[in-house]
Amino acid sequence: MVISSSSSEWTWKKEDSGPIGSLVQSLLVSISEITATVACINIEQEIFLELGSYLYRTSPVLMELQTTEITPEDAIGILQSLSKNVDLAKNLVGKCQKGSHSISDPELGSIMEQLEEVIKLMGEELRLIPPSTFGDQEYAAITVRSVSKEMQNACFRVCKTQITRPTAVQPRAALSLEEQPALTERDLYSIDFSTDISQLPDMPHHMEDIPKTKSYRSQRNHENMRNGSLKNMPPVNQYMEPLYETFFCPLTKNIMEDPVTIESGVTYERKAITEWLESCSNSAQICCPVTGQELQSKGLSTNIALKTTIEEWKERNEATRIKVARAALSLASSETMVLEALDDLLTICRRKPYNKVQIRNVGMLPLLVKLLEYKDRNVRCATLEVLRELAEDDDEGKEMVAKGMDISTIIKMLSSNDQPIRHASLLFLLELSRSQSLCEKIGSVTGGILMLVTIKYNWSSDVFALEKADEILKNLETSPNNIKRMAENGYLEPLLHHLIEGCEEMKMEMGSYLGEIALGHESKTYIAERASPAFVKMLHTGNTLTKKAAFKALEQFSSYHPNGKALVEAGIVEIMVEEIFTRNIHNEAMNSRKEAAAILGNLLESGIEFENLQVNTHGHTMGSDYIVYSIIHMLKNSTPEDLNTNLLRILLCLARSPKSIATIVSVVKETEASYTLIELINSPHEELGIASMKLLISLSPYLGHTLVERLCKTRGLPENLIQSPAETFQITEKQAVSANFLADLPHQNLTLNLALLSNDTVPTILQSIHQMQRSGARASRYASAYLEGLVGIIVRFTTTLYEPQMLFLARNYNLTSVLTELLTKTSSDKVQRLSATGLKNLSSESANLSKPPEIKGTKFKKFFSFPKSLSFGSPKMKKIQACLVHRGACSSQNTFCLVEAKAVERLLACLEHENAKVVEAALSAICTLLDEKVDVDKSVSLLSGVDCIQHVLNVAKEHSEEGLREKSLWVIERFLMKGGDTSASYISQDRLLPATLVSAFHHGDGTTKQMAEKILRHLNKMPKVTTNF
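A short note on the overall build of the protein
Looking only at helices and strands, the protein has 47 helices and 11 strands in total. Counting all 1029 residues of the protein, 52% fall into the buried class. Long-range pairs, those at least 24 residues apart, make up 70% of the contacts in the protein with a sequence separation of at least 6.

This is the structure in structure tokens:
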């Protein structure tokens, strides 16, 4: 049979309950509902609590009646009568609950009289149960008679001016089977208790020698007893079976645990009489404390018979107390009732280990687990303490407790703001963690280890919690999976301990974990510094699995670049180079070249100084020809794609060194490895293609034309490198790298430009640029790089305008307007620089493309406006106005005129850019409006109108780069020569310019020095050279 409970009711289930079981179940449900209701009634609270007490104390009697093997003849009749009375009480109580604010005094008095009659009738029915019903359980019969008498004597009265306080249920004299007075018997869990504790008779209690705790319950109970609260319960050490005088020690007034008899024949508690005899050791004679008889001997004899009787009495009594406690927890009518039951269970558990087994086996665990969600904190805390006691020192008990509950509930309690609950949950979890079989279950709870680690490191103000969390974590270390979880949550010490000092199998397992788990950057650095020597030892072992674990872990730690220095100092580079180039892999069960190449690539990408880093005993360094030749050889011999990717990463890092890049270029030329690198672009392995193109970009300044030749001869290239993404957020790294690769190849290579043009890539490029301008370059991680590559490809077309097809392309797609828009509608410095460069290339052809204007009919008058001075006299024939700068008919589309494209103002705005390369490109484009091919006088006049000279003066003063300073001084000189007195006066008023010119004169190259000298002489800052000297 088991108990099932809910928030409002409980039921007692038996496999074959029959009619009696059904009636009992119905009665218990009704009683539960009534006791829950009376606690909510605001009128006549004491009377209704007394009513609930009577009904609740009937529940154990009903339970015993159901489970007894001897059924009374009229059991069904008794239960039916009780059921009618309980239903009547339920209806009456319901009236008070629903209309408590509107019930008149006469009506309330009538209800109380009816409730009193109901209780008395129920007492009469209980009296009809014969004592033989309970067999040898005499205490049960005594209890039934006691409850019956009290209920028959019930008295509920209501006064208009003052509520009559019902007499509290006082301890009654229990009746023996022969109806004779016996020792005092006290009922368990009486709800109504209003008598002052100080007035109670001094009754002995056998459990007072239990060590007192500082728990919240002892403090709370003490306060309630002191205050004489109405809801305070009697002490939990009360019994349903009567107490016998012989059980008590005459000295302590407590039930004896170890009774011993002295010479006088009186029995005492061993400890008490021993202390008495010792206190009398200095006296002339020693007497018996009770009889006063002089003792000739201090000998003590164990009273085995009495000791056995007491033990048997305790066992019978405790079995009953467990049942009553179970009923109390099922009903849970009040907080006080639940706390008293939990306290009693705790006392029973501590007295004898077997009691824990009994409690677990009677279906108590589901009730206790349910109480963990109780609204009152004290109840939750007490429940945790009972559960801990049930699990203590017994692995089977721990498993039973853990099996019936959700440990995540305990984990949630760890974060409680209430310290007692937090401590109780930690103690309970600590007890469960002492079972090795439960450690995995505890560790697998989501957030469990994280909470424990947080308490260990962050709760310094709660030392107790910190210590207990640390103990729990130590217990959980018995599970390797928990060690992994601890590392994932920032607690690395257990893992490092086993990795460094554990057995080879443990080292292998910990190494494997480190290769799998996701760690933060700080954790990676900490492990790299602590565990690098251990990884080196693992790599030198002959165990294949251990080596594999070490490689896997090192691959993860080396990916965080700040760890590079620690790993290099531990000697990882030498081992990786040996693994890649020297070790005979075919004779081993595992091929670690791929992992070794990945680790070496990570270390080189971290920025370590590698040129002089020795990699073997032959004196080779990381920057030596040996490394480059070995990698190129492996690339040409069809190694696995993953390995090739990492080898290319290594070459790309080596290319950062001037010495190494020269070696790489030489080897690529010598071995014709460029074919291999180009072919790798088409690899289905995307990362391999990306790595290959990145290396080719590094090599393009040295092998650009060779690479173009190889590229154009490879099937599917270069057109496959330009693919328009469906959306800007779908741009991939390969698309961005491909565009930049095409952009970085020699711009003036006509072969590549024609190949791109013939495959109709320009519309795709322009469409992608327009789409990205509309959605923003930040739509994807690679969007900015992709846009830079596309603009770079457009710019390369502007370098070969001598080719008719390129000229047609530039005109057809109006590249001048495209690049002008990109100047200011982008946040990328590179795009601005490239756009300015493209405009410079286009503007350089404007003078050649601009032709004298043709005579047009008046039908074109609406498109052009001519001053009257330019009229030819005929009202029907007008001449199209010529460009002041280029002396002919100009447009942004056909002659790429910057003036017509409104690009001048945007280029001047770029002169204020912080990036010197952007400034230089913009200034170069402006210079095309001042060269000898144009009308410089008109151009200077036009540029003066947009304050060009001030922008250029700022460039000359703020930038010291040689090329930029040279261009700015050139523009200043043009303005001085062609701008007349106005420009000369404006320039001479700049007080900082002379210092800039002097610096350029002293430190510039030949051309810059010469221009600075001219300007200084023009400004009369240097004497003019005449022919007389």
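Notes on the packing of aromatic side chains
The final tally for this structure, using the stated rule, is 5 aromatic pairs. When the centroid spacing of 5.9 Å and the interplanar angle of 40° are considered together, the rings of F535 and F557 count as tilted. Of this pair, F535 sits in helix α22 (residues 521-539) while F557 sits in helix α23 (residues 544-558), and the two are 22 residues apart along the sequence. With relative accessibility at 0%, the residue F557 sits in the buried group. The positively charged end of K456 is found above the aromatic ring belonging to Y457, 5.6 Å away from the centroid. Taking NZ or CZ as reference, K1009 lies 5.3 Å from the ring centre of F1001, over its face.

Quick look at the confidence of the model for the protein
Predicted coordinates in regions of low pLDDT should not be interpreted in detail. Of the residues in the protein, 84% reach a pLDDT of 70 or more, and the chain-wide mean stands at 81. Within the model, pLDDT remains below 50 along residues 160-239, and this stretch shows 164 contacts once partners closer than five positions in the same chain are excluded. Contacts from residues 858-878, a stretch scored under 50 in pLDDT, to residues over four places away or in other chains number 21 contacts.

Description of helix α7 (residues 270-279)
Since the α-helix packs 3.6 residues into each turn, any two residues three or four apart lie on the same face. Among the residues making up α7, those that are buried are A272, I273 and L277. Viewed end-on, α7 has its buried residues packed into an arc of 130°, placing them on one side of the element. Turned more than 90 degrees away from the buried face of α7 sit K271, E278 and S279, all of them exposed. Those residues of α7 that are buried lie in contact with β5 (259-261), β6 (267-269), β7 (286-287) and β8 (294-295).

Remarks on the pattern of salt bridges
A complete count under the given rule lists 35 salt bridges for this structure. R434 is the partner of E431 in a salt bridge, and the nearest nitrogen-oxygen pair spans 2.7 Å. E962 is the salt-bridge partner of R965, the closest N and O atoms lying 3.5 Å from each other. Here E962 and R965 lie together in helix α44 (residues 962-978), a separation of 3 residues that amounts to about one turn. By relative accessible area, R965 is classed as buried at 9%. In this structure E962 comes out as partly exposed when scored by relative accessible area, which is 27%.

Quick notes on unusual backbone geometry
Following L717, the chain continues to P718 via a peptide bond in cis, the omega torsion being 5°. Considering the arrangement of structural elements, one finds P718 in the loop between α31 (686-712) and α32 (733-744). The phi dihedral of N814 falls on the positive side, at around 50°, and the residue is not glycine. On the secondary structure map, N814 appears in the loop between α36 (804-812) and α37 (815-824). With a phi angle near 65°, R887 is a residue other than glycine that sits in the positive phi range. Along the polypeptide, R887 turns up in the loop between β11 (877-879) and α40 (904-910). Looking at R887, the relative accessible area reads 48%, which means it is partly exposed.

So, helix α33 (residues 750-758)
Of the positions making up α33, those classed as buried are L752, N753, A755 and L756. Seen from one end, α33 has its buried residues packed into an arc of 160°, which puts them on one side. Those residues of α33 that are exposed and aimed more than 90 degrees away from the buried face are T751 and S758. Where α33 is buried, its residues meet α31, α32, α35 (783-797) and α36.

Some words on the sheet that holds β5
Strand order in the open sheet formed by 3 strands is β6-β5-β9, with antiparallel pairing between adjacent strands. Bordering the open sheet on either side are β6 and β9 (301-302), each of which pairs with just one other strand. Sheet analysis places β5 next to β9, joined by 2 bridges and oriented antiparallel. Within β9, the residue paired with V260 across the bridge is T302. Across the sheet, α7 touches β5, β6 and β9, and the angle it forms with β6 is around 95°.

Things to note about the packing of helix α20 (residues 493-501) against α22
In contact at an axis separation of 10 Å, α20 and α22 are set at 20° when each is read in the N-to-C sense. By the angle between their axes, α20 is roughly parallel relative to α22. Pair α20 / α22 crosses with left-handed handedness. When α20 is examined against α22, the residues E493, L496, L499 and I500 are found in contact with a partner set consisting of Y526, I527, R530, A531, A534, F535 and M538. Across the contact of α20 with α22, the residue classes break down as 9 nonpolar, no polar and 2 charged.

A few points about the nonpolar core
Counting 174 residues, the largest nonpolar core has M622 and I972 as its most contacted members. Here the element with the most residues in this core is α31; it accounts for 11 residues. Each residue touching M622, except ones within four places of it in the same chain, is listed here: V573, V577, L600, L604, F610, E611, L613, V615, I627, I650 and L654. Core analysis: the next-biggest nonpolar cluster, separate from the first, contains 63 residues, V386, A391, V401 and I421 among them.

Observations regarding the packing of helix α28 (residues 641-654) against α31
Viewed as axis vectors pointing N to C, α28 and α31 meet at an angle of 25°, and their least axial separation amounts to 9 Å. In terms of their interaxial angle, α28 and α31 are classed as roughly parallel. Taken as a pair, α28 and α31 cross one another with a handedness that is left-handed. Contacts between α28 and α31 pair E641, N644, T645, L648, L651 and L652 from the former with E687, L688, A691, S692, K694, L695 and S698 from the latter. When grouped by side-chain class, the residues that make up the contact of α28 with α31 number 6 nonpolar, 4 polar and 3 charged.

As for the side chain of R380
Turning to its location among the elements, R380 is positioned in helix α12 (residues 377-391). Polar side-chain contacts of R380 include one of 2.8 Å to the backbone oxygen of Y374. When neighbours within four sequence positions are excluded, R380 is seen to be in contact with L371, L372, Y374, K375, M413 and I421.

Concerning the side chain of S30
Looking at where S30 falls in the secondary structure, it is placed in helix α1 (residues 18-38). Setting aside chain neighbours within four positions, we find S30 in contact with V86 and D87.

With respect to the environment of L750
Secondary-structure assignment places L750 in helix α33. Sequence spacing of L750 and T799 is 49 residues, and the spatial spacing of their C-alpha atoms is 9.0 Å. Once you skip the residues sitting within four places of it in the chain, L750 turns out to touch T800, Y802, E803 and M806.

Rules behind the numbers
Residues numbered from 1 in each chain as written. Predicted model: local features only at pLDDT ≥ 70, side-chain atom pairs only at ≥ 80, totals over all residues. Heavy atoms only, no water. Helix = DSSP H or I, 4+ residues; strand = E, 2+ residues; numbered from the N terminus. Buried < 20%, exposed > 50% of the residue type's maximum accessible area, 1.4 Å probe, protein only. Contact = heavy atoms within 4.5 Å. Phe/Tyr/Trp six-rings, centres within 6.5 Å; stacked < 30°, edge-to-face > 60°. Lys NZ or Arg CZ within 6 Å of the ring centre and 35° of its normal. pLDDT = per-residue confidence, 0-100. Arc of directions from axis to C-beta. Salt bridge = Lys/Arg side-chain N within 4 Å of Asp/Glu carboxyl O. Pairing = 2+ DSSP bridges. Axes fitted to C-alpha atoms, helices over the stretch in contact; angles between N-to-C directions. Parallel < 35°, antiparallel > 145°, perpendicular 65-115°, else oblique. Left-handed = near helix turned anticlockwise from the far one by under 90°. Nonpolar A, V, L, I, M, F, W, Y, C, P; charged D, E, K, R; others polar. Core = buried A, V, L, I, M, F, W, Y, C linked by side-chain atoms within 4.5 Å. Polar contact = N/O pair within 3.5 Å; in protein donor to acceptor, adjacent residues only side chain to side chain.

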